[in-house]
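The chain contents come next:
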Amino acid sequence: MVTKDVLYKLVVFLATVGIAVGLVPIMTIVERRVAAFIQNRWGPNRVGPWGLLQPVADGIKAFFKEEFVPARADRLLHFIAPMLVFVPPAIGFAVIPWGNQIGSVKLQAVNLNIGVLFMMSVLSIAVYGLAIGGWASNNKWSLLGGLRASAQLISYELTLGLAILVAIMMAESVDPQVIVAKQTRGILSWNVFGGGNLLALPCGLLGILLLYTAALAENNRLPFDLPECEQELVGGYHTEYSSMKFAMFFMGEYVAMVNMSAIVTMLYLGGWYFPGITNPADHSWLGGILSVGVFMAKTFAILFVYVWIRWTFPRFKYNQLMNLGWKGLLPLSLANVALLAVVGVFTGGKP
Amino acid sequence: MDYVFLACALVSCVASLMVVRSRNPVYSALALMLCFLAFAVVFLRLGAPFLAAMHVLVYTGAILVLFLFVIMLLNLKEEELGREHPDWVKGALALLCVLLFGAIAVPLAREPRLRFRLPPPDEGFGGVEHVGRALFHQYALPFELVSVLIVVAILGCVVLAKRKL
Amino acid sequence: MTNYNIGSLFKGMFRTFQHLVGKKATLEYPEEKYIPRKGYRGEHRLKKDEQGRMKCVACFMCATACPAECIRIVAGPSPWPDRDKIPVSFEIDLLKCIYCGMCEEACPCDAIELTPTFTQIATTREEKIYDLQKLMNR
């Protein structure tokens, strides 16, 4: 039985998948153009207007490449690994509210009251794809790349979790809808500015910094892109992947990036709310579309910073990465949580 | 009939069998992951969403990854895996396990004191707030004791791993 | 211990942002052409005077000055009264030429010149040996 509600739900769900996956090709072209601009070049600008069709050409090229599986590789796991990288971040996007509600329809695929926890647990599964992909290739460099990737992901997941915890403490909820709703009381109610409590401002700023750094490491982005390393590891865990399987790894990385940006937006930057543009009580079509626009703009700004950072900073060595993660960021994030707890207690518990 | 529970039970049983049956330890670890995911769904079905999320986050996302890590670092070859036991030994052990399960399950099923219906859970049962309140009010002392236990375990690891301090 | 100097990170990002919005160094070749500076030494040409006659008097000065010995001239009698000889054949092997401009320096009647052209392609070695006709009609 298809009722109107089910139909709306379906549309919202498809749109969610569309946003998560649809931003990927846009990001690939943005990445390449911005990289070129920073290096005083033009970048790919031949396919379509301003090179906008370049992702399509890339996709067609990936599609027609030879599908190669190394001898003595584990065929089943070699096949599954790219999906294990691609699918979890796409599922994690389901609980992100990417807009205010239109009528009675909330612009969020699944409204879970443990949304943030769900997202974290789903994201923690993505490690398997990297590790398995490296192992199944029957190539020692792939294996080492996979090991590096998984060690890095586990290490920075702690900082990530603690930084997310700060936002949860400010909102006093793990429900994404509530977290966003609490940040719709003016720009100072954003969690990055302390969630309405100015004494918690340093916690918010430190929190977003830690969350973003951990997100860079989680997505294997520069300056933490150690799993891929020409000199030591050839191509890392996807050395032995070609054609669409490689494209899956590649897209998985970008979907994870989009997902992380959406998480940062939702937890710290007020989600779809921007004072003067969106009104939380406005459930009309125009308000809904504006809120989606605001959310996308924020997400895109964060994605842009990803790219910007990539072409600015030199990369870490692996021991430096581990030092930073365990000796630098982890104590800092623990201290941040403690500080927020102290501030919360002495200002009456409710910020 | 609860079909979700049935499906999860089936998946977890098959996955558990694969954990034991598989010659390749990497496959075992992956089957264990499948098993854990099925558990998480059962927790969700029982109205314990926090427990489900933590189960995936801690067991699947962290502990099992470490297992996989060690397995991949060792990367055992076929000849290093050791010889398999003959079939009759395996059969006998399996039979013993089934009997053991029966020995526990049959008396439990016959127990009249266990035949009651649970009262419906409170609003928000199994959510973050309820679990947190229970852990930090009602069970605060055991919770803190567990954390002491974990500290002791960590210290033990450090002493074992690092002989020269 | 690690030095956590966050300020320098932002400084670096500011610098890359300047490059992001700044002028680009790449020339998009087929649409935009590179125009060499004045005095750029490209391929040669032989000049003509006001009446459309070639200026060259086949004095062999350029061939003598050429360090790469890429100029070959065969002289013949001049049809005009104001000079004795004109070149019957004038060949420059541009594959040997080092584009030094010595021929231009040596020429007493300002007949040979290096043009800014540098993108002429050839598919055989013979095509790159320019003869009198080719040198005149440029």
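Scroll up for the structure.
Remember, predicted model here, so these are calculated numbers, not experimental data.

Scoring rules and cut-offs
Residues numbered from 1 in each chain as written. Chains lettered and ligands numbered in written order. Predicted model: local features only at pLDDT ≥ 70, side-chain atom pairs only at ≥ 80, totals over all residues. Heavy atoms only, no water. Helix = DSSP H or I, 4+ residues; strand = E, 2+ residues; numbered from the N terminus. Rg over C-alpha atoms; globule rule 2.2 N^0.38 Å. Core = buried A, V, L, I, M, F, W, Y, C linked by side-chain atoms within 4.5 Å. Buried < 20%, exposed > 50% of the residue type's maximum accessible area, 1.4 Å probe, protein only. Contact = heavy atoms within 4.5 Å. Buried area = accessible area lost by both parts, 1.4 Å probe. Salt bridge = Lys/Arg side-chain N within 4 Å of Asp/Glu carboxyl O. Polar contact = N/O pair within 3.5 Å; in protein donor to acceptor, adjacent residues only side chain to side chain. Nonpolar A, V, L, I, M, F, W, Y, C, P; charged D, E, K, R; others polar.

Peer 1: It is not clear to me how the overall build of chain B should be interpreted in this structure. Could you clarify?
Peer 2: Counting its regular elements, chain B contains 6 helices and 0 strands. Helices and strands appear in chain B in the N-to-C order α-α-α-α-α-α. Here the C-alpha atoms of chain B give a radius of gyration of 21 Å, more than 25% beyond the 15 Å that 2.2 N^0.38 yields for 165 residues. With the principal axes as the frame, chain B shows a C-alpha extent of 55 × 50 × 25 Å.

Peer 1: Please clarify how the nonpolar core should be interpreted in this entry.
Peer 2: A general feature of soluble globular proteins is that nonpolar side chains tend to end up buried together. Counting residues in hydrophobic clusters, the biggest one holds 120 residues, and the most contacted among them are Tyr128, Leu267 and Tyr306 of chain A. The greatest single-element share of this core, amounting to 16 residues, is contributed by helix H5 (residues 140–171) of chain A. In contact with Leu267 of chain A, not counting residues within four places along its chain, are Val116, Ile164, Ala167, Ile179, Gln183, Asn191 and Leu211 of chain A. The next biggest cluster of nonpolar side chains, apart from the first, holds 22 residues, and it includes Ala58, Ala111, Leu114 and Leu135 of chain C.

Peer 1: What's the story with the interface of chain A and chain C in this structure? I'm lost.
Peer 2: Interface size, as often reported, equals the accessible area lost upon joining of the parts. Counting residues at the interface gives 19 residues for chain A and 16 residues for chain C. A buried area of about 1,600 Å², summed over both sides, lies between chain A and chain C, and 67% of it is on carbon and sulfur atoms. On the chain A side of the interface with chain C, the three residues burying the most area are Asn40, Trp42 and Trp308 of chain A, jointly 35% of the side's total. Linking chain A to chain C there are 2 salt bridges. The partner of Glu31 of chain C in a salt bridge is Arg46 of chain A, with the nearest N and O atoms 3.2 Å apart. Applying the counting rule to chain A against chain C returns 9 residue pairs in polar contact (both at pLDDT 80 or more). Examining the composition of the side of chain A that touches chain C, we find that 4 residues originate from one element, helix H10 (residues 285–310) of chain A, more than from any other. When grouped by side-chain class, the residues that make up the side of chain A that touches chain C number 12 nonpolar, 4 polar and 3 charged.

Peer 1: Explain the arrangement of the chains here, please?
Peer 2: Here 2 pairs of chains are in contact, and chains A and B lead that list by number of contacts. In this structure chain B stays clear of chain C, and the shortest span between their C-alpha atoms is 20 Å.

Peer 1: For this particular structure, what's the right way to read the interface of chain A and chain B?
Peer 2: Across the boundary between the two partners, chain A contributes 23 residues, which contact 23 residues of chain B. Both faces considered, chain A and chain B share a buried interface measuring about 2,100 Å² in area, 81% of it formed by carbon and sulfur atoms. Summed over the three residues of chain A that lose the most area to chain B, namely Tyr128, Trp135 and Leu147 of chain A, the buried surface amounts to 30% of that side. On the surface where chain A and chain B come into contact, there are 0 salt bridges. Summed over the shared surface of chain A and chain B, the number is 2 residue pairs in polar contact (both at pLDDT 80 or more). Counting only elements with at least two residues in the side of chain A that touches chain B, the list comes to helix H3 (75–92), helix H4 (115–136) and H5 of chain A. Residue contributions to the side of chain A that touches chain B peak at 11 residues, all from H4 of chain A. By residue class, the composition of the side of chain A that touches chain B is 18 nonpolar, 3 polar and 2 charged.

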